[in-house]
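Coordinate inspection notes
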Amino acid sequence: MRLGMVGLPNSGKSTLFNALTGSQAASANYPFSTTDKNVGIVPVADARLTILRDIYDAKKITTATIEFVDIAGLVRGSRDGGGMGNKFLGHIREMDGLVHVVRCFEDENILHVDGHIDPARDMETIDLELIFADMEAVAKRIDRVKKENKSGKGGKEELALLERALGVLEQEQPVKTMDMTDDERRNLAQLGLLTLKPVVYVANVSEDEVEGNAHTAKMAEVAANHGAEMFIVAAKMEEDLVGLDHDQKKEFLAELGISSSGLEQVTAAGLRALNLMTFLTAGPKEVRAWTITAGTKAAHAAGKIHSDIERGFIRAETVAYADLLAKGTYNACKDAGLVRLEGKEYIVQEGDIILFRFNV
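Values in this document were obtained by computation on a predicted structure and should not be read as measured data.

Our next topic: the pairing of strand β7 (residues 230–233). The two faces of β7 differ: Phe 231 and Val 233 on one face are buried, but Met 230 and Ile 232 on the other face are not. As defined by bridge partners, strand β6 (residues 199–204) adjoins β7 across four bridges and the pair is classed as parallel. Counterpart to Ala 203 in the pairing with β7 is Ile 232. Traced from β6 through helix α7 (residues 214–225) to β7, the parallel crossover comes out right-handed.

This brings us to the pattern of salt bridges. Applying the stated rule across the entire model yields 24 salt bridges. With its nearest N and O atoms 2.7 Å apart, the salt bridge here joins Lys 236 to Asp 240. With Lys 236 and Asp 240 both in helix α8 (residues 235–240) and four residues apart, the pair spans about one turn of that helix. Overall, Lys 236 belongs to the partly exposed group, its relative accessible area being 48%. Close ionic contact of Lys 297 with Glu 345 constitutes a salt bridge, the shortest N to O distance being 2.6 Å. Separated by 48 residues along the polypeptide, Lys 297 in the loop between β9 (286–293) and α11 (298–305) and Glu 345 in the loop between β11 (340–342) and β12 (352–358) bring together distant segments of the chain. A relative accessible area of 32% places Lys 297 in the partly exposed class.

Attention now moves to unusual backbone geometry. Phi at Glu 172 takes a positive value of approximately 60°, unusual for a residue other than glycine. Following the sequence through the fold, Glu 172 ends up in the loop between α5 (156–170) and α6 (182–189). Even without being a glycine, Asn 275 presents a positive backbone phi close to 60°. Structurally, Asn 275 can be placed in the loop between α10 (262–273) and β8 (276–282). Among the residues examined, Asn 275 registers a relative accessible area of 42% and is labelled partly exposed.

Turning next to the packing of helix α4 (residues 119–150) against α7. Following both chains from N to C, one finds α4 and α7 inclined at 40°, their axes separated by 8 Å at the closest point. In terms of axis orientation, α4 runs oblique to α7. Across the interface between the two elements, Pro 119, Ala 120 and Met 123 of α4 pack against His 215, Lys 218, Met 219, Val 222 and Ala 223 of α7. Grouping the amino acids of the contact of α4 with α7 by side-chain chemistry returns six nonpolar, one polar and one charged.

Turning to a negative patch on the surface, a few remarks are in order. There is a patch of like negative charges on the surface, built from Asp 245, Asp 247, Glu 251 and Glu 255. Among the secondary structure elements, Asp 245 is positioned in the loop between α8 and α9 (246–255). We classify Asp 245 as partly exposed; its relative accessible area is 42%.

This part is about the sheet that holds strand β5 (residues 97–103). Spatially, β2-β4-β1-β5-β6-β7 is the arrangement adopted by the six strands of the open sheet, whose pairing is mixed. Each end of this open sheet is capped by a strand with a single partner; those strands are β2 (38–43) and β7. For this sheet, the mean inter-axis angle between neighbouring strands, taken without regard to orientation, is 25°. Across four bridges, the pairing between strand β1 (residues 2–6) and β5 is parallel. Residue Met 5 lies in a different strand from β5, and its bridge partner there is Val 99.

Time to look at the nonpolar core. With 34 residues, the main nonpolar core has Met 5, Leu 16, Leu 52, Phe 68, Val 266 and Ile 353 as its most contacted residues. For Leu 16, the contacting residues outside a window of four places in its chain are Met 5, Val 101, Val 202, Val 233 and Ala 235. In terms of nonpolar packing, the next biggest core, distinct from the first, is built from 28 residues, Leu 98, Tyr 201, Val 222 and Leu 253 among them.

Thresholds applied
Residues numbered from 1 in each chain as written. Predicted model: local features only at pLDDT ≥ 70, side-chain atom pairs only at ≥ 80, totals over all residues. Heavy atoms only, no water. Buried < 20%, exposed > 50% of the residue type's maximum accessible area, 1.4 Å probe, protein only. Helix = DSSP H or I, 4+ residues; strand = E, 2+ residues; numbered from the N terminus. Pairing = 2+ DSSP bridges. Right-handed = clockwise from strand over helix to strand, strands pointing away. Salt bridge = Lys/Arg side-chain N within 4 Å of Asp/Glu carboxyl O. Axes fitted to C-alpha atoms, helices over the stretch in contact; angles between N-to-C directions. Parallel < 35°, antiparallel > 145°, perpendicular 65-115°, else oblique. Contact = heavy atoms within 4.5 Å. Nonpolar A, V, L, I, M, F, W, Y, C, P; charged D, E, K, R; others polar. Patch = residues over 30% accessible without salt bridge, like charges linked within 9 Å, V, L, I, M, F, W, Y side chains within 5 Å. Areas by Shrake-Rupley, 256 points an atom, 1.4 Å probe, with all protein chains shown as cover. Lys, Arg positive; Asp, Glu negative; His and termini not counted. Charge placed at Lys NZ, Arg CZ, Asp CG, Glu CD. Core = buried A, V, L, I, M, F, W, Y, C linked by side-chain atoms within 4.5 Å.

Set out below in structure tokens:
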């Protein structure tokens with residue numbers, strides 16, 4: 001899972017990136033202090049793995065991971081090259097989803113590229129840059145398909161799909177709002193369209209406004225209209241906590257009435273936005289979490305581990321994590337009839353612990 005962090009310059013993207021990844025990306029009080037992407041890979045916290053390690057006496061734990069990419073700030077006109085925007089838009093095309101960071105704190109010592117804070121305007125600025133970039137990409141593809149049509153090589157269905165997508169974009173709406181089949185979505189995704197990507201919004205506030213302010217209220221309204229998740233994070237405060245261990249950080253945040261860290265919130269929201277879920281494998285050697293798209297069938301889930309397992313799939317011996325936790329051991333689950341033998345068409349569920357049987 002690759003989540004690209006986008007926003008206006010001085011929105012706090014790099015600060016939040018540092019808080020999430022423990023990195024030291026440059027952040028300064030002027031636009032474009034970051035001119036290239038920063039990348040950080042962090043484990044996805046999963047308390048189930050520790051419990052399974054104890055049950056199986058496993059030698060190691062392997063968590064799922066998430067890759068955060070801090071993409072330099074976009075500005076109005078980025079699709080025309082403003083602020084080196086073409087380069088930054090190219091970075092966004094590589095992402096699975098976006099974390100849109102919006103400044104919701106007042107600080108006269110930190111410049112705002114538009115002179116003052118207005119979350120709705122700032123969100124619209126980024127959204128429109130992505131829309132305009134997609135309009136250009138779709139229009140170019142339409143021209144190419146029309147030329148192919150003249151020579152008998154083009155597809156009328158593709159042209160109709162592209163023209164529908166262009167119509168949505170011309171109404172200043174993201175492509176993902178268009179009614180489309182799964183196949184149509186996959187076809188459009190091949191163009192690397194920016195507005196097909198799921199978005200999670202983060203309101204960046206000061207430490208004393210973690211419960212929200214007038215700016216976050218306005219931002220929440222816009223995010224709801226987009227059908228997207230939004231949550232509040234004090235990025236600078238969380239960056240200052242990077243040196244603390246997990247328990248110390250939890251204790252500090254709890255004193256402020258914050259139940260989940262920014263990392264936990266962004267990770268969970270990213271998984272939901274991308275429609276991802278986790279299944280588990282467990283044994284004496286290793287307990288491991290695997291991330292797949294919700295709705296994945298057992299044989300394809302096996303391929304996540306190794307293509308040979310998918311190719312030679314026989315069955316999936318499956319037990320629910322809750323059942324294993326209740327019974328205490330895999331054998332106890334077997335005795336209670338809680339271990340199921342599933343075929344390749346079985347749709348894997350969140351928290352399934354699976355032993356794949358295969359032959360190649």
